[in-house]
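In case you want the letters, here they are:
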Amino acid sequence: MIYGPTVLFSLGEGAVVPLLPVLATKLGADIAMSSLIVAALVVGQLCGNLPAGWAVARFGERRTMISSGLLALVGVGLLAFATGVVMLMAAALVIGFCAAAFALARHSFMTTRVPLSFRARALSLLGGSFRFGMFIGPFVAAGLLWVFGDERASIWFLGLCLLAAVALVVFGPDPETVAPLPTRPTAREASPADTGEPITGGIAIIPTHEGVFRTMWRHRGVLARLGVAAASLSAVRSARQAILPLWGVSIGLDAQTIALVVGLSGAIDFALFYASGQVMDRFGRLWAALPAMLLMGLGFGALALTHDLPSSAMWFAAFAMVLGVGNGLSSGILLTLGADVAPQHDPAPFLGSWRTLTDAGGALAPVLISLITALLSLAWATGLMSVVAFAGALGFIRWVPKFIPRAQRGPTAPDPGEG
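Quick caveat, the model's predicted, so the values are computed rather than measured. All chains use their own residue numbering, which begins from 1 and follows the written sequence. Local features in this predicted model are restricted to residues of pLDDT 70 or higher, and side-chain atom pairs are both shown and tallied only at a pLDDT of 80 or more, whereas totals for entire chains, interfaces and linings draw on every residue. For the side-chain quantities, the full set of heavy atoms in the structure was used; hydrogens and water were omitted.

### Topic: a nonpolar patch on the surface
Next, step 1: A grouping of Leu371, Leu375, Leu376 and Trp380 is seen on the molecular surface, where their side chains present a nonpolar patch of about 490 Å² in accessible area.
Next, step 2: Helix numbering and strand numbering both begin at the N terminus, where a helix is a DSSP run of H or I of at least 4 residues and a strand a DSSP run of E of at least 2. Relative to the helices and strands, Leu376 is located in the loop between helix 16 (347-375) and helix 17 (378-403).
Next, step 3: Whether a residue is buried, partly exposed or exposed follows from its accessible area with a 1.4 Å probe, protein chains only, as a fraction of its type maximum: under 20%, in between, or over 50%, in that order. Accessibility expressed as a relative area gives 53% for Leu376, which makes it exposed. By definition, no residue in a patch forms a salt bridge, and every one has over 30% relative accessible area; like charges are joined within 9 Å, nonpolar side chains (Val, Leu, Ile, Met, Phe, Trp, Tyr) within 5 Å. Per-residue and other accessible areas were derived by the Shrake-Rupley procedure at a 1.4 Å probe size, with only the shown protein chains allowed to occlude residues. For salt bridges, the criterion is a side-chain nitrogen of Lys or Arg within 4 Å of an Asp or Glu carboxyl oxygen.

Pasting the structure below:
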């Protein structure tokens, strides 16, 4: 009941995403328009985070998941019967919007119910559920295309996955009832929200529920500091997906080789998703975030220097694997950090802001890569992502000790006031 609906939603989405450009081309879109339709999924997700935070706070996780799953079926209908690129883009926006609401509802539930002692492992499994669907989905799409010979088979597969996910949420045991909220407030509940400003006296009285924008303002300090570092991680992750295929093309590799290298990098990424949670629970959040950022920073930086080398293909494969390891070690970090700094009595409005910020980092990276590549070269764009990764690592070093309590950082981490 915890991970099943998420796996089903992401599996259906993962089967449809690779075929969106194909559907767009068949409806008369050019390459630029096809890329915009794929980007509409990310835009829909960005637009959905804040309303999802409000909906979860107002109606609860279960009702939000049911509503978003049913609304996503409208997107499936638009996809299946699209007669033009406008309908196709609207469908992508709706599905992205609903995916954000579905994901935030489960993130909010686990923030309030999962004990701190294994929070990171639980959220890494949640992140792994998303990765599983997006990793396996394209293979399902390929199988359906081979059997039925029609791209729309993947659309109906998404519809079946959504119906199964909604049925599981409706008819299965309600996790909100089975796992009630803890009755004793946590340390963060009993203390004032950290806005990044010095406390002049007294403990703040936190209301039971606050609006999305009021919560955003109350926690502006952590969002502007730790949130920006988290957004840099999201940007580096997104850059890996954009740069690796482009790099393979730029050094003259064929499509099969590029697909093999990118696929192996993704397989390493997926295989390591649970290791990140184990590290965070045992040693602290920084011990997973920092190695992940440093590995990806080194991977991008070194790759940027190999474009014109005689053995560029070998270096491409090697550093793609390094980036896969770094990305795999970062699984669940954004979910866990968001849960750590969210107000435990009412996390959904805060998580809406947190996820909007991190998703914005992921959406901005491909745009920045495209711009730098057009102005300079792909090697310069890759080097820039290395700088972003190292800057994010410095942000984690500075802000994780400040905003995450000692108990959530592991036994060897210094107190926030030290140093």
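### Comments concerning the side chain of Arg237
Next, step 1: Along the polypeptide, Arg237 turns up in helix 10 (residues 220-250).
Next, step 2: His is not counted here, nor are the chain ends, while Lys and Arg score as positive and Asp and Glu score as negative. Notably, Arg237 is buried but unbridged: the nearest opposite-charge side chain belongs to Asp269, and the N-O separation is 7.1 Å.
Next, step 3: The contact criterion used throughout is that any non-hydrogen atoms of two residues lie within 4.5 Å. The residues touching Arg237, leaving out its near neighbours within four places in the chain, are Arg131, Asn327, Ser330, Ser331, Gly332, Ile333 and Leu334.

### With respect to helix 10
Next, step 1: Multiplying one less than the number of residues by 1.5 Å gives the expected span of a helix. Taking 1.5 Å of rise per residue, 31 residues should cover 45 Å, and helix 10 covers 42 Å from first to last C-alpha, within 8% of that figure.
Next, step 2: In this scheme, the bend at a residue equals the angle between the axes fitted to the seven residues that finish there and the seven that begin there. Approximately 40 degrees is the largest bend angle found in helix 10, and it occurs at Gly227.
Next, step 3: Gly252, located one to two residues past helix 10, shows a positive phi value of around 85 degrees.

### Focus on helix 14 (residues 312-329)
Next, step 1: Over its 18 residues, helix 14 extends 26 Å from the first C-alpha to the last, a length consistent with the 26 Å expected when each residue adds 1.5 Å.
Next, step 2: For helix 14, the full list of buried residues reads Ser312, Phe316, Phe319, Ala320, Leu323, Gly324, Gly326, Asn327 and Gly328.

### What to know about the pattern of salt bridges
Next, step 1: Inspection of every chain in the model, using the stated rule, returns two salt bridges.
Next, step 2: Ionic pairing is found between Arg240 and Asp269, a salt bridge with its closest N-O pair at 3.7 Å. Here Arg240, found in helix 10, pairs with Asp269, found in helix 11 (residues 255-271); they are 29 residues apart in sequence, far enough to count as distant.
Next, step 3: Look at Arg240 and you get buried, because its relative accessible area is 7%.
Next, step 4: On the accessibility criterion, Asp269 (8% relative accessible area) is buried.
Next, step 5: Its salt-bridge partner being Arg285, residue Asp340 comes within 2.6 Å of it at the nearest N-O pair. Separated by 55 residues along the polypeptide, Asp340 in helix 15 (residues 333-341) and Arg285 in the loop between helix 12 (273-283) and helix 13 (286-303) bring together distant segments of the chain.

Without other data, these values stay purely geometric and don't point to any function.
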